[in-house]
Amino acid sequence: MAETIDLRHVSPEYAKAVDEPSILLTRAPEGELTARLLAPAFQGGPSWKLAFLITGGGTLFAWTVILYSVLAGIGTWGNNMPVAWAFAITNFVWWIGIGHAGTFISAVLLILEQTWRNSINRFAEAMTIFAVIQAAIYPALHLGRPWFAYWILPYPSTMGVWPNYRSALPWDAAAISTYFTVSLLFWYMGMLPDLASARDAAPTLLKRRLYGIFAMGWRGSSRNWRHYQITCLLLGALATPLVLSVHSVVSFDFAITQLPGWHSTIFPPYFVAGAIYSGFAMVLTLMIPVRRIFRLHDIITTRHLEAMAKMILVTGSVLYYTYAVETFISWYSGNEYEFYQIVVWRLSGPFAWAVWTVYVLNFVCPNLMWFKRVRTSPIWLFVISILINVAMWLERFELIVASLASDFLPSSWRNFTPTFIDGSIFLGTICFFLFLFLLFLRFVPFISISETKEIRHILVSEEERLERSGHARRTDR
Amino acid sequence: MSERHPLPIVQDDEAVSRRGFLELLGAGVFLGGLAACESPRGEIVPYTRQPREVVPGKPRIYATSMIERGYATGILATSSSGRPTKVDGNPEHPATPGGGSWPNQQASILDLYDPARASGFRKGGQASSWRLFLQEARGPLREKLHVLMGPTSSPLLIAQLGRLREQLPDAVFHFYDPLHSPSEQEGLRRSFGRPLLRRYHFERAQVIASFDSDFLADPPFRVRYAHDFAENRRVHSAEDGMSRLYVAEGELGLAGALADHRLRCRPSEITALLRSLLAEIGRRQARLSGPGAGKWRRLLPDAAGGQAPHPWIRALANDLLSKQGRGLVLAGERQPAEAQILADLLNELLGNLGETVTFTEPILFEAERLDQGVGPLAAALERGEVGTLLVLGVDPLYDAPAELRLSTLLPLAKRRVYSGLWENQTSKACEWFVPGVHYLEQWGDGRAYDGTVSLIQPLIRPLYGGRSPAEILSALLGDENPDGSRLLRTSYAQLPRQAWEQALQRGFIPGALPEAQLELSVDAGRAALSAAGSTEASEGIEISIRPDLKIGGGEQGPNDWLLELPDPITRLSWGNAAQVSPATAKELGLAEGQLVEVSWQDRSIRLPLLPVQGMADRLISLRLGWGNPSHLRDWERGLFSKDHKAAGVSVYPLRSSERPWILSGGSIRASLGEETPLLPPQPTRTTLAIAQTNLDMHERPILLGATLEAYRAKPDFVFPNDEEVPDLYGSPWSYTGQQWGMSVDLNTCIGCNACVVACQAENNTPTVGRIDATKGRLMHWIRIDRYRLGESDDDMRLLPQPMMCQHCEKAPCEYVCPVNATVHSPDGLNEMVYNRCIGTRFCSNNCPYKVRRFNYFRYNAEDMPETLKMLKNPDVSVRGRGVIEKCTYCVQRIRGAQIEARIQQRELRDGEVRTACQVACPTNAIVFGLISDPESPVSKLHALSRSYGVLQAELGTEPRTRYLAYLRNPNPELDGDG
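Residues numbered from 1 in each chain as written. Chains lettered and ligands numbered in written order. Predicted model: local features only at pLDDT ≥ 70, side-chain atom pairs only at ≥ 80, totals over all residues. Heavy atoms only, no water.

Caption draft 1: The sheet that holds strand S9 (residues 207-211) of chain B, seen in detail. All names here are of chain B. In space, the 4 strands of this open sheet follow the order S11-S10-S9-S12, with parallel pairing throughout. This sheet does not close on itself; its edge strands, each paired only once, are strand S11 (261-264) and strand S12 (327-331). Across the sheet, the mean angle from the axis of one strand to that of its neighbour is 10°, orientation sign disregarded. With 5 bridges connecting them, S9 and strand S10 (residues 244-249) associate as parallel partners. (Pairing = 2+ DSSP bridges. Helix = DSSP H or I, 4+ residues; strand = E, 2+ residues; numbered from the N terminus. Axes fitted to C-alpha atoms, helices over the stretch in contact; angles between N-to-C directions.)

Structure below.
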């Protein structure tokens, strides 16, 4: 189709949208498109019930185990001295990292006017919010006295104690809560027109009322739209620096210490790259099955897959560059503790299996993206995205645990063995995440209808103009 | 010291006797509220009027004594409002000079409050009473009485035993100590013709050659020996000298781990080594200058034969010859009589007898009968001669040799009476049970190893209504109302009241036994030489059995503090293991934690394997005292279940009367576990709770050291590792007022762990149990790290380094705490605010010394038994779940002393505050005090050229705890590896 268009005569937006392959293949009328994208929100079914049962059951189990570990103490985990941080912090960093892709897609790409984000941003942003919720469970849960978690926040207390701002943990609390708030607002803001569409199309009174409440009186007036677009742009501008800051701050939890393996200035860019990398992988993991199940190949096209694969290639390259620099510097610095930790212990110690898995997977996976066949193949991408998620979890695990397991005094070296509870909480949060995600798929228009229609409008109006001027003919429909 | 003086009871002629009142006070205030305990005897005095000497909240200190294997050691016990909460050595007492102590003494306070202690009298299955016992004691219990008890030196008990013998001519007394080694007495008898007690004087010894003797760890003289040994190892300037220590041994002992030269050999090779040392000295006999040398010339040529000696022996012989009269040769008490005689002979030749080795008459009552152990009792039981068997405190069913079959013989006694602190296997085989009393609950006495009479006075009424051995024996003597305090006072009736009170105040009556004048028998020497010449080193696997370094033979019962304390050498807690050298483990194809079956003849035990560096090859070392089935602990945790087991495995079943210690021709194999249908297979391996898995220092500057020579050439050899680190910000603090600091001398630390238990007692540190210990969650605020130095296994040292919070000026923990729970105090302490801690553990991650401890569970449970609550030091917060804790420099003692000084309107002086670890250290290796006072001992130690801060050059933390580098004094002839 595209080769028949002479791009010299079209608008730049159109050129960007149809550029090999197009970001929208359907040219269905707007009403039809709206109805099609709203449909999942209005129809359930036995397979939905089964999916909710499985993930809901897993969630319930997770909260039971969490309750147990709060009641009995975190001695139920495998943590010890010196490995005082293990699964909980690994999971925290992993989930926060996953959260990054959503905001990157919805905010950074909005600012950069990448229209291909329109059809997947809602989806990615939801993933962000649910991942941050999972992440937020851990820092509170891993405390010795989780019921005092709020002491980390600066609030006017009668005890007169203020958080210690030399520590990175209050920074963390601030960064993550800001990030969550902005992401949530941005996500909800973007959803308003679609909620209103859902209200208007809802089959029952109850649904109409509920969507009505959440639509907050959206009428689709041009005033509405004007405010809406300004707000989205402002929130996008606000969220963009957060994408960089949140994981930088998370990396400070490690970088401000003096523990060999943690004490490193490369951590902020390293963590941000790793976060976006793992986040894009998670978007692929979720998007590829959803695209298949709801038959959205004409809305989420190969172009989207390719774009994300390219992001993985870029951020993955940053990542393994960092591995190389980290290793080189540990030798170049001449610091025996660093060298032992990063070269000897990591590569040959008891966690070497994890380290080598990470190094191999995180080198091979992104580099496969050089091949167009891989970039455009949903199967390849799905498998690779799973492998990347595994590798990124292991990376955080070996970074946190292996460094703690061998620090300055060899007398206190000790390995870490996870317990049943450790594993259960991790699997439980995956279930909880999927449960929230299914709720989202089931009850909310998960593809931004208004923004998809925006693209359709760009395409259709330009094509009609072209047809009128006889430059090209429409090939489809 | 005769008991015949009739004397009025001291306590009755004072209206308010201080001690009596306190006793009642303690009982009234605390026992009254205890649901678990029997209500106290006699009248309770309510706390309505404050007695003259008691200030609430202010601890009082009393002198008393603890009896270990019959010998008394001096104790100072601290009482907080009537509850004893801490014990330490009595600095004036000859057994505990300077107030040092041993882990088991420190931990003895826990025994007092042990909720598992037996309470209440029992006859058969029925509850009974002291009154009923008294009735029977005057009647049937006196028939054909046999008493089985531990060794004793108590003048009171000895007098009572004498009177019992007069009253009941058919009464027989058996003295039994499972750790007693008959060969030592045998050697002495052959050498000098009579039973004696040997004493070493390490403070006079320049060259110490120890042959299978762990003189720093073997009771009962260890605190004194450790103290004296350290005196000769303390180096403060390049001019100071230090002794040289040679150790030949199979296992790594406390002394061997510090040795300047060490020889790995199996225990059975010791006699041959001693003989070759003697031959080597014979070759150089022209250099012998001692007065006795001439007498022995005739004997020595015999010895000169044989093959060329080990270079180690040659160097040792030269060294000993150059320090005649100031050398010391020791043979371990497990060694055969020949080895003992050879060691005496060497000391005689080298002029050391009377100098570094002296003798006194035996202190223990009928010491020679100890050699026979329970054998005669078993024989008497078998013959049916025993009417009443009275067992006082010992547990022969657990620890007596198996071939005596005591468990089947014991019921042959018509009446069986047991008295002790705990119900155990023996007590369960007895119909009468009389609860015993802890030494902090009783009146009594004993003699220290040098003969000094030491007094035991109670600090609290018996918590479980027990009776002391003196009271029980007195009941058998017909006393209608035996009372410990009266019995003791009566036996010292010749002392006027003032002198008596003075003695009680000091805890002992000064006066050591005089040295015995002796002559070594030439025949014995010749016989030993020829016997030693004929012994051949045994082939195959050799089994060496030793008392455990922490719990001895298990006689102190189930003490969680000691069970959880990591072994000073292997760092193993909660259990024992079959220890072998790594080479042997490899040869046998066995791995750490694998369950093995160790057998000798037809006996075998099953326990986990533990490879230990520095051990002799083809030697299995086993430790006594573990696996008492009467004392169960949480052992394994399943998903929904917990397993209870005795801690460790008992090694007693391997021992026999003839071969109690060293068994040659043993065997070891992997235990596959029995396959029983329908039952899950037995495990073939187990997790060992090892506190330190890595002994290699990785060439990091952590435990610094040098040879004495290198130190003299370059006194500031530690400097490159103690540099000031360039800093952008400068010191974060500007101090005014007094500043605290600590110095730890690595040259005198012997790694005995006394400080660890003392800290635990002082600071209410909980035990975590075996399951959490295997996960690495020990809570000790101070730990003794061990690092291996020396290339070869033959000549390695395993040096101790006490590690606790270093109280850094630039503390890495402080800046990472999000809630300001760890902060700097104006006097330079790194403080921990438990109430503010939310348990992020960030501080621990950033602590380069890893000295912070975390309460993973509620180790100090609110529902702990009431008695354990009484044990807590009232000046220290008891930490709950989820908070970090660590060494505070005993801040409660600092603040207490500061308040005291402020009340008296004066400046606090250095020396007024001593930390618990400092007080407990038998070698005074830990010194604490004011670093703001340049004249204080700690300031002077910090100023020494050997003083350094661990990781200072690397991280610039500026720790306030500084170490004095270790020094080694190798023999140039052996050219040590430095």
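Caption draft 2: Region of interest: a nonpolar patch on the surface. Residues and elements named next belong to chain A. A contiguous nonpolar patch, built from Phe328, Ile329, Trp331, Tyr332 and Phe339 and spanning about 570 Å² of accessible area, is present on the exposed surface. If one sorts the elements of the nonpolar patch by residue count, helix H10 (residues 302-332) sits on top with 4 residues. For Tyr332, the position within the fold is in helix H10. (Patch = residues over 30% accessible without salt bridge, like charges linked within 9 Å, V, L, I, M, F, W, Y side chains within 5 Å. Areas by Shrake-Rupley, 256 points an atom, 1.4 Å probe, with all protein chains shown as cover. Salt bridge = Lys/Arg side-chain N within 4 Å of Asp/Glu carboxyl O.)

Caption draft 3: Expanded view of the interface of chain B and chain A. Residue-level contacts link 60 residues of chain B with 56 residues of chain A. Overall, the association of chain B and chain A removes approximately 4,700 Å² of surface from exposure, summing both partners, and the carbon and sulfur fraction of that is 54%. The interface formed by chain B and chain A contains 1 salt bridge. Put simply, Lys850 of chain B and Asp407 of chain A hold a salt bridge, and the shortest N to O gap is 3.1 Å. Of all the elements in the fold, those that place two or more residues in the side of chain B that touches chain A are helix H26 (769-774), strand S32 (783-789), helix H27 (812-816), helix H28 (842-846), strand S36 (853-854) and helix H33 (952-955) of chain B. Of the residues assigned to the side of chain B that touches chain A, the class counts are 30 nonpolar, 15 polar and 15 charged. (Contact = heavy atoms within 4.5 Å. Buried area = accessible area lost by both parts, 1.4 Å probe. Nonpolar A, V, L, I, M, F, W, Y, C, P; charged D, E, K, R; others polar.)

Caption draft 4: Examining helix H6 (residues 222-231) of chain B more closely. Burial runs high along H6 of chain B: 9 of the 10 residues are buried. In this structure, the buried side of H6 of chain B is in contact with strand S1 (60-68), helix H2 (103-113), strand S8 (197-200), S9, S10 and helix H7 (254-258) of chain B. (Buried < 20%, exposed > 50% of the residue type's maximum accessible area, 1.4 Å probe, protein only.)

Caption draft 5: Quick peek at helix H4 (residues 87-111) of chain A. All names here are of chain A. Helix length check: H4 (25 residues) gives 36 Å between terminal C-alpha atoms against 36 Å at 1.5 Å per residue, within 8%. Phe104 marks the point of greatest bend in H4, at about 40°. Counting buried positions along H4 yields 24 of 25 residues, so the element is predominantly enclosed. Following H4 by one or two positions, Glu113 adopts a phi angle in the positive range, close to 55°. (Expected span 1.5 Å × (residues − 1). Bend = angle between axes of the 7 residues up to and from the residue.)

Caption draft 6: Representation of the nonpolar core in the model. Grouped together as the largest cluster of nonpolar side chains are 388 residues, with contacts concentrated most on Trp85 of chain A together with Phe133, Phe211 and Phe215 of chain B. The dominant element in this core, judged by the number of residues it contributes, is H4 of chain A, at 16 residues. Discounting chain neighbours no more than four positions away, the residues touching Phe211 of chain B are Ala248, Ile270, Leu273, Leu274, Leu277, Trp312, Leu316, Val329, Leu330, Ala331, Gly332 and Gln335 of chain B. Membership of the second largest hydrophobic core comes to 25 residues, among which are Ala585, Val596, Leu624 and Ile662 of chain B. (Core = buried A, V, L, I, M, F, W, Y, C linked by side-chain atoms within 4.5 Å.)

Caption draft 7: Focus on the environment of Pro582 of chain B. Residue and element names in this part refer to chain B. Tracing the sequence through the fold places Pro582 in helix H23 (residues 582-588). When the C-alpha atoms of Pro582 and Glu592 are compared, they prove to be 9.5 Å apart, with 10 residues separating the residues in sequence. Setting aside residues up to four positions removed in sequence, Pro582 forms contacts with Pro611, Val612 and Gln613.

Caption draft 8: Expanded view of the sheet that holds strand S31 (residues 740-745) of chain B. In space, the 4 strands of this open sheet follow the order S38-S31-S40-S39 (chain B), with mixed pairing throughout. Each of the sheet's edge strands pairs with one partner strand only, and the pair in question is strand S38 (926-930) and strand S39 (947-948) of chain B.

Caption draft 9: Structural context of the packing of helix H9 (residues 267-293) of chain A against helix H14 (residues 378-405) of chain A. All names here are of chain A. Relative orientation of the contacting elements H9 and H14 amounts to 145°, with a least axis distance of 8 Å. Read as a crossing pair, H9 and H14 show a hand that is left-handed. Its residues assigned to classes, the contact of H9 with H14 shows 17 nonpolar, 5 polar and 3 charged. (Left-handed = near helix turned anticlockwise from the far one by under 90°.)

Caption draft 10: Representation of empty space enclosed by the protein in the model. Residue and element names in this part refer to chain B. Quantified by volume, the second largest cavity comes out at close to 500 Å³. Lining the second largest cavity are 28 residues, with Glu184, Pro219, Pro220, Phe221 and Glu333 positioned closest to its centre. Counting residues per element, the ones that place at least two in the lining of the second largest cavity are helix H5 (182-192), S8, S12 and helix H13 (367-370). Among the residues forming the lining of the second largest cavity, the class breakdown is 16 nonpolar, 5 polar and 7 charged. (1 Å grid on protein atoms, 1.4 Å probe; cavity = no way out; pocket = protein on both sides within 12 Å on 5 of 7 lines; lining within 4 Å. Points joined across faces, edges and corners; volume = space filled by probe spheres on them.)

Caption draft 11: Expanded view of the packing of H2 of chain B against helix H25 (residues 754-762) of chain B. Residues and elements named next belong to chain B. As a packed pair, H2 and H25 sit with axes 8 Å apart at the nearest point and diverge in direction by 20°. In terms of their interaxial angle, H2 and H25 are classed as roughly parallel. Remark: the crossing between H2 and H25 carries left-handed chirality. In this structure, H2 contributes Pro103, Gln106 and Ala107 to the contact, and H25 contributes Ala754, Val757 and Ala758. The residue makeup of the contact of H2 with H25, split by class, is 5 nonpolar, 1 polar and no charged. (Parallel < 35°, antiparallel > 145°, perpendicular 65-115°, else oblique.)

Caption draft 12: Highlighting a negative patch on the surface. On the surface, Glu336 of chain A together with Asp696, Glu699 and Glu791 of chain B cluster together into a negatively charged patch. Note that Glu336 of chain A resides in helix H11 (residues 336-348). (Lys, Arg positive; Asp, Glu negative; His and termini not counted. Charge placed at Lys NZ, Arg CZ, Asp CG, Glu CD.)

Caption draft 13: Representation of the side chain of Arg655 of chain B within the structure. One can find Arg655 of chain B in the loop between strand S27 (642-646) and strand S28 (662-670). Asp399 of chain B is the oppositely charged side chain nearest to the buried, salt-bridge-free Arg655 of chain B, at an N-O distance of 7.3 Å.

Caption draft 14: Spatial organisation of the pattern of salt bridges. One pass over the full model with this rule turns up 73 salt bridges over all chains. Its salt-bridge partner being Arg456 of chain A, residue Glu30 of chain A comes within 3.8 Å of it at the nearest N-O pair. One end of the pair, Glu30 of chain A, is in helix H2 (residues 30-42); the other, Arg456 of chain A, is in helix H16 (residues 449-469), with 426 residues separating them in the sequence. In this structure Arg456 of chain A comes out as buried when scored by relative accessible area, which is 12%. One connected set of salt bridges, linked through shared partners, spans Glu186, Arg189, Arg190, Glu338 and Asp371 of chain B.

Caption draft 15: Representation of the domain arrangement of chain A. Residues and elements named next belong to chain A. For chain A, the domain assignment lists domain 1 (1-43 + 447-477) and domain 2 (79-416). Facing 27 residues of domain 1, the contacting portion of domain 2 comprises 32 residues. With both sides pooled, the region where domain 1 packs onto domain 2 buries about 2,300 Å², and carbon together with sulfur makes up 57% of that total. The largest contributions to the domain 1 side of the interface with domain 2 come from Ile23, Phe42 and Ile447, which together make up 27% of the buried area. Connecting domain 1 to domain 2 are 2 salt bridges. One salt bridge in this structure joins Arg117 and Glu451, with 3.3 Å as the shortest N-O distance. The tally of links from domain 1 across to domain 2 stands at 9 residue pairs in polar contact (both at pLDDT 80 or more). (Domains from an automatic or database assignment. Polar contact = N/O pair within 3.5 Å; in protein donor to acceptor, adjacent residues only side chain to side chain.)

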